[in-house]
Amino acid sequence: MLETTIAAIRAADEAAMAAARELQGRLTKPAGSLGALEELSVRLAGLAGVCPPPLPEPAAVAIFAGDHGVHAQGVSPWPQEVTAQMIGNFLAGGAVVNAFARQAGASVTVVDVGVATPLPTDPAVLDPAADPAVLDPAVPRLVVASVRRGTRDLTVTAALTRDEALAAVQTGIRIADELIDAGAGILLTGDMGIGNTTPAAVLIAAFTGADPLDTTGRGTGVDDPTYAHKVAVVRAALARHTPDPADPLGVLAAVGGLEHAALAGLILGAAARRTPVLLDGVIAVSAALAAAAFAPAAVGAMVAGHRSAEPGATVALRHLGLDPLIDLGLRLGEGTGALLALPVVTGAVRVLHEVATFDSAGVAEK
């Protein structure tokens, strides 16, 4: 599945991009007056291979959840059980991501790809006939696709085997296909996993060559001693594994998380289907680095929703050559920043569909 997905990823369509630039120049507005939105519309036309590109709707958020063996090193003050508890909150509609998704009319799919503790709702007793529709914006949906119950401690051994990392990547691809087959016009990345900013920092350092001090942040708000310890943990993981960025599956296996690997798969799956994927925060952009290492052209499907307050996010976005649409100092995850950026993406495309040209409106050009 991974090989065929990578083979399906193509570079942007230059003719469609040229047509979008030409159309932008004929719309009833000063040339360049919409700033970054104009280039975004051009990029999305290149991804779709047509001008104007399809409106990016309906939107589907995919929240991948997993736990981390490195939690045992004291990198987060939150107990690991919170991951499973927050899944219950997502499914009950009580999290920030749910509030923002309702505002945007986006569906929410929660994927247990490696949660360590039992979920509040036992999937074995769920009535499949009662499952919500894939893109039902009113009812969050749970998908159980657990590869293992949390990763191993990356300071001691590889977090995952290559087969486990591959299984998680392929889960992400499968979810992308499922959502797009159901009609999603844009995918939004979400994540949940106590301690997951630590493997994200290691991944960003591994793929960019940046110093761990520049890729490691405070996550949920750790104090100074814990932050210093967290940086040391990231350094130790890099020294133990010396991950090779030319081998993205190996990097994910050695120092990644199951949600990071699945998000990389989601991005690859979206790129293969020429569907935009709106990236959330530092977990998403660390996964995006892995996706770009698998298939450089996959960057053409990526839209950076926001600039996370985690410093590693800026390092990763710079490496990917992506400019975030909004910068609000967010560091929550879940897909919240991507949802806030969604209207910006939709607006960029809607301009190409709905704004009159100078000729059609009878407006004189300068």
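Residues numbered from 1 in each chain as written. Predicted model: local features only at pLDDT ≥ 70, side-chain atom pairs only at ≥ 80, totals over all residues. Heavy atoms only, no water.

## A word on the domain arrangement of the protein chain
No. 1: Annotation of the protein chain at the domain level lists domain 1 (1-53 + 353-361) and domain 2 (59-343).
No. 2: Centre-to-centre separation of domain 1 and domain 2, based on C-alpha positions: 28 Å.
No. 3: The interface is formed by 17 residues belonging to domain 1 together with 23 residues belonging to domain 2.
No. 4: Together domain 1 and domain 2 conceal approximately 1,600 Å² of surface at their shared face, both sides included; 71% is due to carbon and sulfur atoms.
No. 5: Broken down residue by residue, the surface that domain 1 buries against domain 2 is led by Leu2, Ile9 and Leu47, which jointly contribute 40%. (Domains from an automatic or database assignment. Contact = heavy atoms within 4.5 Å. Buried area = accessible area lost by both parts, 1.4 Å probe.)

## So, the packing of helix α6 (residues 162-181) against helix α10 (residues 248-255)
No. 1: Taken N-terminus to C-terminus, the directions of α6 and α10 make an angle of 105 degrees; their axes are 8 Å apart at the nearest point. Put simply, α6 runs roughly perpendicular to α10. Residues Arg162, Ala165, Leu166 and Val169 of α6 form the contact with α10, whose own contacting residues are Leu249, Gly250, Leu252 and Ala253. (Axes fitted to C-alpha atoms, helices over the stretch in contact; angles between N-to-C directions. Helix = DSSP H or I, 4+ residues; strand = E, 2+ residues; numbered from the N terminus. Parallel < 35°, antiparallel > 145°, perpendicular 65-115°, else oblique.)

## Points about the sheet that holds strand β3 (residues 141-144)
No. 1: Ordered by their spatial adjacency, six strands build an open sheet running β3-β2-β1-β4-β5-β6, and the pairing between neighbours is parallel. With one partner strand each, in any of the chains shown, β3 and β6 (302-304) form the two edges of the open sheet. Strand-to-strand twist of the sheet, defined as the mean angle between neighbouring strand axes without regard to direction, takes the value 30 degrees. (Pairing = 2+ DSSP bridges.)

## Digging into the pattern of salt bridges
No. 1: Taken as a whole, this structure holds 14 salt bridges when the rule is applied.
No. 2: Measuring nitrogen to oxygen at the nearest pair gives 2.6 Å for the salt bridge that ties arginine 26 to glutamate 22. Within this pair, arginine 26 and its partner glutamate 22 are both found in helix α2 (residues 14-26), separated by four residues, close to a single helical turn.
No. 3: Note that glutamate 38 is salt-bridged to lysine 29, the shortest N-O span being 2.8 Å. Note on accessibility: glutamate 38 and lysine 29 belong to one class, buried.
No. 4: Where salt bridges share partners, they join Glu57, Arg350 and Glu354 into one cluster. (Salt bridge = Lys/Arg side-chain N within 4 Å of Asp/Glu carboxyl O. Buried < 20%, exposed > 50% of the residue type's maximum accessible area, 1.4 Å probe, protein only.)

## A look at helix α12 (residues 282-294)
No. 1: For α12, with 13 residues, the first-to-last C-alpha span of 19 Å sits near the 18 Å given by 1.5 Å per residue.
No. 2: Counting buried residues in α12 gives 12 out of 13 residues, a clear majority hidden from the surface.
No. 3: By the burial criterion, the buried members of α12 are Val282, Ile283, Ala284, Val285, Ser286, Ala287, Ala288, Leu289, Ala290, Ala291, Ala292 and Phe294. (Expected span 1.5 Å × (residues − 1).)

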